[in-house]
Amino acid sequence: MDVDRLARVAATLFRRIGTDGELGVRELPDGLGVCVWPAGVRGSGSILVGIDESVLFVGSATGFDAGLAAFRQGRRTSAGQFRGERDERAAPDTP
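Only a predicted model underlies this, so the values are computations on that prediction, with no experimental measurement involved.

Parameters at a glance
Residues numbered from 1 in each chain as written. Predicted model: local features only at pLDDT ≥ 70, side-chain atom pairs only at ≥ 80, totals over all residues. Heavy atoms only, no water. Helix = DSSP H or I, 4+ residues; strand = E, 2+ residues; numbered from the N terminus. Buried < 20%, exposed > 50% of the residue type's maximum accessible area, 1.4 Å probe, protein only. Contact = heavy atoms within 4.5 Å. Arc of directions from axis to C-beta. Phe/Tyr/Trp six-rings, centres within 6.5 Å; stacked < 30°, edge-to-face > 60°. Lys NZ or Arg CZ within 6 Å of the ring centre and 35° of its normal.

A. Spatial organisation of the overall build of the chain. Helices and strands together make up the secondary structure of the chain, namely 2 helices and 4 strands. For the chain, the α and β elements follow one another from N to C terminus as α-β-β-β-β-α. Looking at the chain as a whole, 38% of its 95 residues are labelled buried. Counted over contacts in the chain with a minimum sequence separation of 6, partners at least 24 positions apart contribute 36%.

Rendered as structure tokens:
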């Protein structure tokens, strides 16, 4: 798994929503992908990136475990939502 490539996917999406700065990166269990979050920022949420570069934004109120469960169930956030667009076909971005 190319952790750096997956982290760059999340970094691009964070920039789209106005979040710049250092990011924390952690590999997900079972080689599913990575979890990326703004380092040193509380309450901002994280982005889970699968090895296929599909993503799920997980708000901080949801928590990592619930977000991971939703990611495993196939929930994803459309790229358009990171530009402020609503994609009615996309699965909800919170569990």
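B. Quick peek at helix α2 (residues 64-72). All of the buried residues along α2 are Gly 67, Leu 68, Ala 70 and Phe 71. The buried residues of α2 occupy an angular sector of 160° when projected down its axis, which confines them to one face. Against β3 (46-50) and β4 (55-58) lie the buried residues of α2. After α2 finishes, the residue Gly 74 shows a positive phi value of roughly 100°.

C. Molecular detail of the packing of aromatic side chains. As enumerated under the stated definition, the model contains 0 aromatic pairs in all. Of note, Arg 76 hangs over the ring of Phe 71, and the distance from its end group to the ring centre comes to 3.7 Å.

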